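Chain residues, written in single-letter form:
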Amino acid sequence: MSPRPRLDHVRRPAILAAAAEVIRERGLENVRVSDVAERAGTSAPSVLYYFASKAELLKEALTSAEERYYEDLERDLSETESARERLVKIVGGGAGEGDYDAALWMELWARALRDPELAATRAELDDRWRRTIAEIVRYGQERDEFGPAQPDVFALLLGSLLDGLAVQIALGDAEVTPERAQDLSLALAERELNCELRAVA
Amino acid sequence: MTEAAATATERGARERILAAAVERIASDGIDDMRIARVAMDAGVSTSLVHYHFETREALLGEALEYSYERAGEVRLGEGEEADSDPERRLLAMIDQCLPYPGALRQDWVLWLELWLRSVRHPELGPTGARLYERMRAWLSEGLVACGVPEGSDPGEMADRVLALCDGLGVRVLIGEMAIEYAREQVWGYLAGELGLDASLAAG
C-alpha cells in the first residue's frame, strides 16, 4: 500500500489552503494544478492523488472552509441564549467582511451553471446555510422573540438578500459597504420577524 | 471609401465582434470562448478581432462592459412604457431585474462572469457600479411612484430589491428555483413595505 495516506491529515488541508489562495488570486480558469502544488510545497501528481480535477479543488476548498465556519459559528451562537443576538451574529458573518470568500463563491456560482456536480455542491452548502437561519427563527419563535413568519421562506429571503449584497460589496460598490449591508439586512429581518434587531447589533 | 465611412464600418465591426462575444460567453462560458469562433460569428477575420482587441482578456472585459451598458440603455426604459399603473409598472421593473429566458438570461450569465472577474480585476468595478447606480435611481423612482411611507428610504428599498433580485436570480439561473417563485418573493417583500397588492405577482 502507498505510504501517502498516512499523511492525509497534513497534506490534504495544506493543498486545499494553497488551492483557495491560488484560485482567489488568479481565478480557476488561470490556475494550473502545478501552481497549486508549488504553493503547497508538493508535486502535481501528489495534488492529483487527492483531487481529481480543478473543479474538485474548488469544491473541496469551499466545503472545508464552510466546515470551519460552522464550527466557529456553533461556538459563537452557543455564547448567547437570545435568538435575536444569534440572528445578528449570523447576519454579521454573512454581510460583513468576515470569512466570506467572495472570489471562491462566485467561481462556484458561475461554474454551477455548467457543471452539475458543482451545482449540487452549491445546493448542499446553501441548504445548510438556510437551515441554520430557519433554526434560529424557530428557536426565536419558541421564545416569543420573533413573530409568526414562515422560517424556511424567511431563510431563503434573508439568504438571497445577503448573497446579493455580497455581490455589491465584492464589486466595490461605494454605496454598499459591509456596515450598510448589515443594516439593510437587519431592517428586512425586523420587518419580517416583527422584532427589534438593530438595537442588539 | 471615405474616411468617415471607413470609421463607421470599423465601429460596426467592433460592435458586431462584441455582440458575438457576448453570445458566445453566454452559451459556452468564458473559459471556452475562442477568438476564432467569435470572429466567425461576427463575420470578420481573426486578425480583425486582434486589431480591435489586443488580447483575449481585453475582449472579455469589453464584452462584459458592452453588455452592461446595453442593459442600462435598453432595459431601463422598458418598464416605464409598460403600464401607467404604478404598481404594474413597478412589477414590470422587477421582471427586468430577473433572468427571464432570452436576452435577460443571456445578460445574467454574462454578469455572473463579470461579478467573478471584478473580484480580481478592480478596473471592472466601475462598470458594475455604474449600472447599479442607474438601476438604483430607476427603481427608486418606480418605488416613489407607488408611494413610499413616511420614514422609509426609497434608496434603501431599491438596494434591497436589487440584492434580492440578484440573490434569487442566481438561484433561478442555476436551476434551483422557478422564476415565478423568485418574482413572488421580491414582490411579497415590497408589498409588505409599501402596502401593495401582494397577489399582483401571483400567476
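Let us now look at the overall build of chain A. In terms of helices and strands, chain A carries nine helices and zero strands. Its helices and strands in sequence order give chain A the pattern α-α-α-α-α-α-α-α-α, from N to C terminus. Projecting the C-alpha coordinates of chain A onto the three principal axes gives extents of approximately 60 × 40 × 25 Å. Per-residue burial for chain A yields a buried fraction of 41% across its 201 residues. The contacts of chain A with a sequence gap of at least 6 include a subset with a gap of at least 24, amounting to 62%.

Our focus in this paragraph is the overall build of chain B. Each helix and strand counted, chain B has nine helices and zero strands in total. Start at the N end of chain B and walk to the C end: the helices and strands fall as α-α-α-α-α-α-α-α-α.

Annotation of chain B at the domain level lists domain 1 (1–54) and domain 2 (67–201). With five residues of domain 1 of chain B at the contact, the number on the domain 2 of chain B side is five residues.

Here we take up the nonpolar core. Ala19 and Val36 of chain A together with Ala21, Ile94, Val161 and Val186 of chain B are the most contacted members of the largest nonpolar core, which totals 117 residues. When neighbours within four sequence positions are excluded, valine 161 of chain B is seen to be in contact with Ile94, Leu139, Val186 and Leu190 of chain B.

Tallying the contact residues gives 34 residues for chain B and 32 residues for chain A. The set of elements that each furnish at least two residues to the side of chain B that touches chain A consists of helix H6 (103–120), helix H7 (125–146), helix H8 (154–174) and helix H9 (179–194) of chain B. With 14 residues, H8 of chain B is the largest single contributor of residues to the side of chain B that touches chain A.

Turning our eyes to something else, we now look at the domain arrangement of chain A. Residue and element names in this part refer to chain A. For chain A, the domain assignment lists domain 1 (1–52) and domain 2 (65–193). Averaged C-alpha coordinates put domain 1 and domain 2 at centres separated by 29 Å. The interface is formed by four residues belonging to domain 1 together with four residues belonging to domain 2. Tallied by class, residues from the side of domain 1 that touches domain 2 come to three nonpolar, no polar and one charged.

Interpretation of the predicted coordinates at a detailed level should be avoided for regions scoring low in pLDDT. Residue and element names in this part refer to chain B. Per-residue pLDDT for chain B averages 85, and the proportion of residues at 70 or more is 88%. Highest mean pLDDT in chain B belongs to helix H2 (residues 35–42) (95); lowest belongs to helix H4 (residues 56–82) (73). Confidence estimates for the predicted assembly give a pTM of 0.86 and an ipTM of 0.87.

Moving on: the packing of helix H5 (residues 86–96) of chain B against H7 of chain B. All names here are of chain B. Direction vectors running N to C along H5 and H7 enclose 155 degrees, while the axes themselves pass 8 Å from each other. With respect to each other, H5 and H7 are oriented roughly antiparallel. Seen from above, H5 lies across H7 with left-handed handedness. Side by side, H5 and H7 meet where Pro86, Glu87, Arg89, Leu90 and Met93 of the first sit next to Leu139, Gly142, Leu143, Ala145 and Cys146 of the second. Among the residues forming the contact of H5 with H7, the class breakdown is seven nonpolar, one polar and two charged.

Residues and elements named next belong to chain A. With a phi close to 60 degrees, aspartate 144 is a non-glycine residue in the positive phi region. Examined against the element boundaries, aspartate 144 turns out to sit in the loop between helix H7 (116–142) and helix H8 (151–170). You will see that asparagine 194, though not glycine, has its phi angle at about 50 degrees, which is positive. For asparagine 194, the location among the structural elements is in the segment after helix H9 (178–193).

What follows covers the packing of H7 of chain A against H8 of chain A. Residues and elements named next belong to chain A. It is at 8 Å that the axes of H7 and H8 come closest, and there the two elements cross at 125 degrees. With respect to their mutual orientation, H7 and H8 come out oblique. Every pair of crossing elements has a handedness; the one defined by H7 and H8 is right-handed. Taken together, the residues of H8 that come into contact with H7 (itself represented by Asp126, Trp129, Arg130, Ile133, Ala134, Val137 and Arg138) are Pro151, Asp152, Phe154, Ala155, Leu156, Leu158 and Gly159. Residues that form the contact of H7 with H8 fall into these classes: nine nonpolar, one polar and four charged.

With respect to the helices and strands, glutamate 54 of chain B occurs in the loop between helix H3 (46–52) and H4. Sequence separation of glutamate 54 of chain B and glutamate 141 of chain B is 87 residues, and the distance between their C-alpha atoms is 41 Å.

Reading the values: rules and limits
- Residues numbered from 1 in each chain as written.
- Chains lettered and ligands numbered in written order.
- Predicted model: local features only at pLDDT ≥ 70, side-chain atom pairs only at ≥ 80, totals over all residues.
- Helix = DSSP H or I, 4+ residues; strand = E, 2+ residues; numbered from the N terminus.
- Buried ≥ 20, exposed ≤ 12 C-beta atoms within 10 Å, placed from the backbone.
- Contact = placed C-beta atoms within 7 Å.
- Domains from an automatic or database assignment.
- Core = buried A, V, L, I, M, F, W, Y, C linked by C-beta atoms within 7 Å.
- Nonpolar A, V, L, I, M, F, W, Y, C, P; charged D, E, K, R; others polar.
- pLDDT = per-residue confidence, 0-100.
- Axes fitted to C-alpha atoms, helices over the stretch in contact; angles between N-to-C directions.
- Parallel < 35°, antiparallel > 145°, perpendicular 65-115°, else oblique.
- Left-handed = near helix turned anticlockwise from the far one by under 90°.

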